[in-house]
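Chain by chain, the residues:
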Amino acid sequence: MVRDRDNDEWIKSLEAKGPIRESALADLREILSASLKSSLKSRSDYVDNMLDDFLQDSLIRILKALDQFQNRSRFVTWATSIAIRVAMTELRKRRWRDVSLEKLVADTNFDPVAEADDNMVPERRQLIEAMYRVINTQLTDKQRTVLLAEIKGMAQEEIAGQLGCSRNALYKLSHDARFRLKQELVKIGFDSQSFAVAFNG
Amino acid sequence: MSMTGEEIQRLLDVVRDTQAVEIDCDVCLMQVGEFAEVRLAGKPIAEGLKAIEQHLLICPECREEFEALCQAMNSIEKTES
């Protein structure tokens with residue numbers, strides 16, 4: 001039976017030594033086990049024997065991050081969000097680890113002609129063509145690579161690993177690419193109204 | 001190989017929702033618990049949490065993790081009640 005604790009008690013217990021800490025760790029492990037089972041059970045890439053590793057890695061990560069807990073949610077909610085990040089990052093890594101970023105990008109292109117569709121409303125076609133033109137002429141090779149890999153759904157951890165950068169550095173690269181793309185589209189006349197029309201088509 | 005219609009739509013979505021200033025995935029992780037509790041309680045999203053809401057629109061991985069968190073919280077709440 002897991003003992004109920006408020007946020008302060010969780011932090012104090014996990015920062016303590018001896019049986020108090022051991023008891024809190026055992027309770028947290030039980031809570032995270034139930035949370036992960038519930039959130040991962042419908043995934044086809046999850047099998048039960050992964051759970052122990054996920055829990056172990058999650059507890060290590062949570063203990064390391066205790067000083068970052070800002071007391072703005074229940075402690076167990078915060079801890080569960082970290083456990084889910086740990087588990088899902090690992091599942092994504094397993095799924096994408098044999099995929100070459102270089103090959104993924106080489107096999108795909110931003111070719112507006114290839115997307116030609118007679119049923120597409122003109123506003124949408126014009127926006128897509130302009131977007132491809134900007135991607136091909138205004139973005140760096142690295143920005144194009146990141147944008148494409150993310151749109152293809154490749155795991156961020158894997159993209160970062162293959163590019164030799166951190167997940168946060170990757171996010172900045174991706175943001176720079178998206179923001180540049182948006183700015184260039186606005187500059188040539190595609191404002192939020194154009195997006196709305198294109199989306200309705 | 002060209003992009004699929006679904007991928008083009010995803011690209012249009014992220015470009016439309018991109019903002020000049022955004023938070024990254026680590027900042028999102030530290031605050032997504034609070035955001036999930038507010039959402040599940042049906043309360044309005046405070047100004048300080050708008051950046052989380054915007055990040056979840058842009059980042060499919062954080063969005064997937066947020067949905068899993070809500071699922072876990074709902075499931076545990078049902079067990080407790």
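Residues numbered from 1 in each chain as written. Chains lettered and ligands numbered in written order. Predicted model: local features only at pLDDT ≥ 70, side-chain atom pairs only at ≥ 80, totals over all residues.

Chemist: Any details on the overall build of chain A? Residues and values, ideally.
Modeler: Helix and strand counts for chain A come out as ten helices and zero strands. For chain A, the C-alpha radius of gyration of 23 Å lies well beyond 17 Å, the compact-globule estimate for 201 residues. Across the 201 residues of chain A, 31% fall into the buried class. Of the contacts made within chain A by residues no fewer than 6 positions apart, 74% connect residues no fewer than 24 positions apart. (Helix = DSSP H or I, 4+ residues; strand = E, 2+ residues; numbered from the N terminus. Rg over C-alpha atoms; globule rule 2.2 N^0.38 Å. Buried ≥ 20, exposed ≤ 12 C-beta atoms within 10 Å, placed from the backbone. Contact = placed C-beta atoms within 7 Å.)

Chemist: Tell me what's going on with the environment of Ser100 of chain A, and back it up with residues and numbers.
Modeler: Residues and elements named next belong to chain A. Along the chain, Ser100 turns up in the loop between helix 4 (75-96) and helix 5 (101-106). We classify Ser100 as exposed; it has 10 C-beta atoms within 10 Å. Measuring from C-alpha to C-alpha, the distance between Ser100 and Thr80 comes to 32 Å, with 20 residues separating the pair along the chain.

Chemist: Which residues make up the interface of chain A and chain B, and what are the values?
Modeler: Every contact between the two is made by 38 residues of chain A and, on the other side, 35 residues of chain B. Looking at the side of chain A that touches chain B, the elements that each hand over two or more residues are helix 2 (19-40), helix 4, helix 6 (122-138), helix 9 (167-187) and helix 10 (192-200) of chain A. For the side of chain A that touches chain B, the per-class residue count stands at 14 nonpolar, 14 polar and ten charged. (Nonpolar A, V, L, I, M, F, W, Y, C, P; charged D, E, K, R; others polar.)

Chemist: Account for the packing of helix 1 (residues 7-15) of chain A against helix 2 of chain A, with residues named and values stated.
Modeler: Residues and elements named next belong to chain A. Put simply, helix 1 and helix 2 touch, their axes get as near as 7 Å, and they point 120° apart. On the basis of their axis angle, the class for helix 1 and helix 2 is oblique. By crossing handedness, the relation of helix 1 to helix 2 is classed as left-handed. Judged by residue contacts, Trp10, Ser13 and Leu14 of helix 1 engage Ile20, Arg21, Ala24 and Leu25 from helix 2. Of the residues assigned to the contact of helix 1 with helix 2, the class counts are five nonpolar, one polar and one charged. (Axes fitted to C-alpha atoms, helices over the stretch in contact; angles between N-to-C directions. Parallel < 35°, antiparallel > 145°, perpendicular 65-115°, else oblique. Left-handed = near helix turned anticlockwise from the far one by under 90°.)

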